Amino acid sequence: MAAVAFVTIIGAAAFRSLPGLLIEPLHDEFHWSRGTIGAAVSVNLALYGLTAPFAAALMDRFGIRKVVAVALTVIAVGSGLTVFMHSAWQLMLYWGLLVGLGSGSMALAFAATVTNRWFTERRGLVTGVLTAASSSGQLIFLPLLSWMVESHGWRPAAVTVALAALAVVPFVWLLLRDHPADVGLAPYGSTAYVPKPAPVTGAARRTLTVLVKAARTGPFWLLAGTFAICGASTNGLVQTHFVPAAHDHGMPVTAAAGLLAVVGVFDVVGTIFSGWLTDRFESRRLLATYYALRGISLLFLPMLLAPAVHPPMIFFIVFYGLDWVATVPPTIALCRHHYGEDSAIVFGWVLASHQVGAAVIAFLGGVARDVFGSYDVVWYASGAMCAAAALMALVIRRRDPAGEPLAA
């Protein structure tokens, strides 16, 4: 199941590689401002997060396989329709709304649900592996898509994303299973057979009920705040704006996209290692370390951008890649520790904050480039926010002896 989920996430990861490659081509062809394009990306990122908790509840109601298959189909339709657009509102609808809704149902809440159902041991390691799958997909698709955009325009790249998502649907339908009981197995690491639970009705109501309950505790707000900064400093900033920022300094688009692909390589290593560490060390201290190191690296980035790739930039890419989504395994572990059976839905809401943070920076980054003619102010602000996230992670309290999370 871990292998099936891994391949599924890789196949759906193509859409994450494309937004940063679209900014300059869409600006040149349609004369849309970078702020307008960034707004469409921000809608996509926000819906990616806001859909996740409802998708986790829908998986409890209808099963993982059905929800994931529908989500991949919606991604394919949204990406495919972009090739026919001619107005900015269509970019908002196709890429922002449809791809955002579909990708939200394929978000990390999917990985959390699979891990919670199928594993009682090695959960941190499996979470790291599944989280790394998204970066592996970026590694596979980003160089190909950047070459397509440079050589043949952005439309073949959008069609490739649609076909990649559609190709995974039969794989999901034939091989993905909802629960260990479906194949007569106990969860990994458990000696007891666990019957398949009955479908949970009222998915939307349960999702909101879990949110209200979690929102009364301090750890939820601290996790949501740190993860919002995580999204702002990764998906919203680097993934969306690194390629155009490097191009501003004279670096070819293919070279900048290649650097992001290298981030994906080391992200796989860093995330799996983070999962291994999460099984052995205190999660909140790991989070504080990750955010502090990320903030320091972002403060140096404006000095490293140049027309050619040089050793200090390679060092940044390797260092930043190791830290890219290393925050996910300890964040999921803290959700599981504090919120038990509701942890997948709680993590869905925490992930929503991640994507809202990403959406805000994706939009503001484009506006900053339009206003200041440079991304420098955004890099510095993001570094400062990461320092704040490190402090917030250390403030998260442990559970009290009665088992209730302590408010911070």
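Residues numbered from 1 in each chain as written. Predicted model: local features only at pLDDT ≥ 70, side-chain atom pairs only at ≥ 80, totals over all residues. Heavy atoms only, no water.

Trainee: Can you help me understand the confidence of the model for the protein chain in this one?
Mentor: One rule of thumb: low pLDDT means the predicted coordinates there are not for detailed reading. On average, residues of the protein chain score 84 in pLDDT, and 93% of them reach the 70 mark or higher. Residue range residues 400-408 is modelled with pLDDT below 50. Its contacts to residues more than four positions away, or to other chains, number 17 contacts. (pLDDT = per-residue confidence, 0-100. Contact = heavy atoms within 4.5 Å.)

Trainee: How should the packing of aromatic side chains be read in this particular structure?
Mentor: To describe a pair of aromatic rings, you give the distance between the ring centres and the angle between the ring planes. The full count for this structure, using the stated rule, is 10 aromatic pairs. Relative to Trp324, the ring of Tyr320 lies with its centre 5.5 Å away and its plane at 75 degrees, an arrangement referred to as edge-to-face. Comparing Tyr320 with Trp324 shows no difference in burial state: the two are buried. Taken together, the ring pairs in this structure connect Phe30, Trp32 and Trp154 into an aromatic cluster. We note Arg61 situated over the ring of Phe62; from NZ or CZ to the ring centre the distance is 4.8 Å. (Phe/Tyr/Trp six-rings, centres within 6.5 Å; stacked < 30°, edge-to-face > 60°. Buried < 20%, exposed > 50% of the residue type's maximum accessible area, 1.4 Å probe, protein only. Lys NZ or Arg CZ within 6 Å of the ring centre and 35° of its normal.)

Trainee: How should I be thinking about a nonpolar patch on the surface in this particular structure?
Mentor: Side chains of Leu293, Ile296, Leu299, Phe300, Met303 and Tyr380 sit close together on the surface and give an oily, nonpolar patch of about 580 Å² of accessible area. It is helix H13 (residues 283-304) that contributes the most residues to the nonpolar patch, five residues altogether. Mapping Ile296 onto the fold places it in helix H13. (Patch = residues over 30% accessible without salt bridge, like charges linked within 9 Å, V, L, I, M, F, W, Y side chains within 5 Å. Areas by Shrake-Rupley, 256 points an atom, 1.4 Å probe, with all protein chains shown as cover. Salt bridge = Lys/Arg side-chain N within 4 Å of Asp/Glu carboxyl O. Helix = DSSP H or I, 4+ residues; strand = E, 2+ residues; numbered from the N terminus.)

Trainee: What exactly am I supposed to notice about unusual backbone geometry here?
Mentor: With the exception of glycine, the majority of residues adopt a negative phi angle, and the majority of peptide bonds are in the trans configuration. Not every positive phi belongs to a glycine, and His31 is a case in point at roughly 60 degrees. Tracing the backbone shows His31 in the loop between helix H3 (19-30) and helix H4 (34-62).

Trainee: Explanation requested: the nonpolar core in the structure shown.
Mentor: Looking at soluble globular proteins, one finds that nonpolar side chains tend to be buried together. Among the nonpolar cores identified, the biggest contains 89 residues, and Leu18, Leu21, Leu26, Phe242, Met313 and Trp379 are the most heavily contacted of them. The biggest single contributor to this core is helix H11 (residues 218-248), with 13 residues. Grouped together as the second largest cluster of nonpolar side chains are 28 residues, Ala71, Phe119, Val126 and Val172 included. (Core = buried A, V, L, I, M, F, W, Y, C linked by side-chain atoms within 4.5 Å.)

Trainee: For this particular structure, what's the right way to read the side chain of Ser103?
Mentor: If you trace the backbone, Ser103 turns up in helix H6 (residues 88-105). A relative accessible area of 0% places Ser103 in the buried class. Side-chain polar atoms of Ser103 contact the backbone oxygen of Val99, separated by 2.7 Å. Engagement of the side chain of Ser103 in a polar contact is seen with the backbone oxygen of Gly100, the distance being 3.1 Å. (Polar contact = N/O pair within 3.5 Å; in protein donor to acceptor, adjacent residues only side chain to side chain.)

Trainee: Any chance you could explain the pattern of salt bridges here in plain terms?
Mentor: If the charged atoms of two oppositely charged side chains come close together, the side chains can form a pair. Inspection of every chain in the model, using the stated rule, returns seven salt bridges. Taking the shortest distance from any N to any O, the salt bridge between Asp342 and Arg206 comes out at 3.3 Å. Residue Asp342 is located in the loop between helix H15 (328-339) and helix H16 (343-372), and its partner Arg206 is located in helix H10 (residues 203-214); the two are separated by 136 residues in the primary sequence. Judged on exposure class, the residue Asp342 and its partner Arg206 are both buried.

Trainee: Explain helix H12 (residues 253-278) here, please?
Mentor: Helical geometry note: an α-helix holds 3.6 residues per turn, so side chains three or four residues apart project in the same direction. The terminal C-alpha atoms of H12 lie 36 Å apart, and with 26 residues this matches the ideal 38 Å at 1.5 Å per residue to within 8%. The largest bend along H12 reaches roughly 25 degrees and is located at Phe266. (Expected span 1.5 Å × (residues − 1). Bend = angle between axes of the 7 residues up to and from the residue.)

Trainee: Sorry, what's going on with the side chain of Ser283 here?
Mentor: Mapped onto the fold, Ser283 is located in helix H13. Once residues lying within four places of it in the same chain are set aside, the contact partners of Ser283 are Thr278, Pro330, Ala333 and Leu334.

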